[in-house]
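Structural overview
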Amino acid sequence: MLVNLLSSRTKGYLLRRSCLKASLILAGSLIQGFGMGVFLFPHAIPPGGAGGLALLLNHWFSLPMSIGFWLMNFLFLLTAIPYLGTISTIGTIGVITTTSVSFNIFGVYFTSPFGNVWFDLLVGSVLLGLGIAVLLTQRFSNGGIGFAALAISRQRHADPGKTLLWMNGCIFILTACVIDWMIIIQALLCQWISTSIVSWLYSASFPTKPLYVWRGRKGG
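A brief structural summary. (Residues numbered from 1 in each chain as written. Predicted model: local features only at pLDDT ≥ 70, side-chain atom pairs only at ≥ 80, totals over all residues. Heavy atoms only, no water.)

Here we come to the overall build of the protein chain. What the protein chain contains, in helices and strands, is eight helices and zero strands. For the protein chain, the α and β elements follow one another from N to C terminus as α-α-α-α-α-α-α-α. Out of the 220 residues belonging to the protein chain, those deemed buried represent 43%. Accessible surface, the protein chain as shown: approximately 12,100 Å² in total, 70% of it carbon and sulfur. (Helix = DSSP H or I, 4+ residues; strand = E, 2+ residues; numbered from the N terminus. Buried < 20%, exposed > 50% of the residue type's maximum accessible area, 1.4 Å probe, protein only. Areas by Shrake-Rupley, 256 points an atom, 1.4 Å probe, with all protein chains shown as cover.)

Here is the structure:
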């Protein structure tokens, strides 16, 4: 009877942990979706490389931002699947999908109360960083380009941070050439503010834990 009681308590504990984890992942996705849909995308400010490519697809082919954002992140994620576990891959796809749907809905039904691009940039970047930090505490990425950068850096034995910076930088330059040169400044400010928020919140919660866990490969 004691064994059954402990088993029941364990199941209840695991269920609560799973519900809490799912709630935090949903919250992180919705927070960053709100920041992008209401404050960043209306001013054509890319929150990252995938966002920049989504803006270009929207500019060239009138492809909805939500679809372009999901598609670009998914394509980047494909490059990292060999290095990720099943849970990380499925979870990241879920995050990408939730974020894409949410910023499309938020962008339709909500508008910024500021009406100023620089105020919107600040608020949107803070919300983006907050959403990403919440996702990282649950060991999930906010998109596929980060994993793609890690995959490339692992193959070339390079610094993943520098790899991601170069990937995003090239996309920002291309986006700026096509749409508006001011995008470079705005995108870099967005990256700096959001990553500062992520670093502060994430390091405060998990000071010694790595951001990403790669699945080992034989002979790797």
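After that view of the structure, there is still more to cover.
Counting 16 residues, the largest nonpolar core has Met36, Leu40 and Phe41 as the members making the most contacts within it. Secondary structure elements with two or more residues in this core: helix H1 (2-40), helix H2 (49-61), helix H3 (65-78), helix H5 (117-137) and helix H8 (182-205). Element by element, the count of residues in this core is highest for H5, at four residues. In this view, methionine 36 contacts Phe41, Pro42, Pro47, Phe69, Thr99, Phe103 and Leu128; residues no more than four positions away in its chain are not counted. By size, the runner-up hydrophobic cluster in this structure holds 11 residues, among which are Leu53, Leu56, Phe76 and Ala149. (Core = buried A, V, L, I, M, F, W, Y, C linked by side-chain atoms within 4.5 Å. Contact = heavy atoms within 4.5 Å.)

What follows is about the side chain of glutamine 32. Among the structural elements, glutamine 32 can be located in helix H1. Residue glutamine 32 is classed as buried on the basis of its relative accessible area of 1%. Each residue touching glutamine 32, except ones within four places of it in the same chain, is listed here: Val95, Thr99, Leu127, Leu128, Gly131, Ile132, Leu135 and Asn142.

This part covers the environment of serine 125. Inspection of the secondary structure assignment puts serine 125 in helix H5. As a C-alpha pair, serine 125 and glutamine 191 span 66 residues in sequence and 7.5 Å in three-dimensional space. Setting aside residues up to four positions removed in sequence, serine 125 forms contacts with Leu40, Cys190, Ile193 and Ser194. Within polar-contact distance, the side chain of serine 125 engages the backbone oxygen of leucine 121 at 2.6 Å. (Polar contact = N/O pair within 3.5 Å; in protein donor to acceptor, adjacent residues only side chain to side chain.)

Residue position: threonine 79 is located in the loop between H3 and helix H4 (86-109). Overall, threonine 79 belongs to the partly exposed group, its relative accessible area being 45%. Separated by 73 residues in the primary sequence, threonine 79 and isoleucine 152 place their C-alpha atoms 8.7 Å from one another. Beyond its immediate stretch of four places on either side in the chain, threonine 79 contacts Ala148 and Ala151.

This brings us to H3. In a regular helix each residue adds 1.5 Å, so 14 residues correspond to 20 Å; H3 covers 20 Å between its end C-alpha atoms and thus fits that length. All of the buried residues along H3 are Met65, Ser66, Gly68, Phe69, Met72, Asn73, Phe76 and Leu77. (Expected span 1.5 Å × (residues − 1).)

Turning our attention to the packing of H2 against H3. Relative orientation and spacing of two packed helices are given, respectively, by the angle between their axes and the distance between those axes. Where H2 meets H3, the axes come as close as 8 Å, and the angle between the chain directions of the two elements is 130°. When the axis of H2 is compared with that of H3, the two are oblique. The interaxial crossing formed by H2 with H3 has right-handed handedness. In this structure, H2 contributes Ala50, Gly51, Leu53, Ala54, Leu55, Leu57 and Asn58 to the contact, and H3 contributes Met65, Gly68, Phe69, Met72, Asn73 and Phe76. Residue composition of the contact of H2 with H3, by class: nine nonpolar, four polar and no charged. (Axes fitted to C-alpha atoms, helices over the stretch in contact; angles between N-to-C directions. Parallel < 35°, antiparallel > 145°, perpendicular 65-115°, else oblique. Left-handed = near helix turned anticlockwise from the far one by under 90°. Nonpolar A, V, L, I, M, F, W, Y, C, P; charged D, E, K, R; others polar.)

Here H3 crosses H4 at 165°, and the two axes come no closer than 8 Å. Here H4 runs roughly antiparallel to H3, going by the angle between their axes. Note on packing geometry: the crossing formed by H3 with H4 is right-handed. Between H3 and H4, the contacting residues are Met65, Ser66, Phe69, Trp70, Asn73, Phe74 and Leu77 on the first element and Thr89, Thr92, Ile93, Ile96, Thr97, Thr99, Ser100, Phe103 and Asn104 on the second. Of the residues in the contact of H3 with H4, the class split is eight nonpolar, eight polar and no charged.

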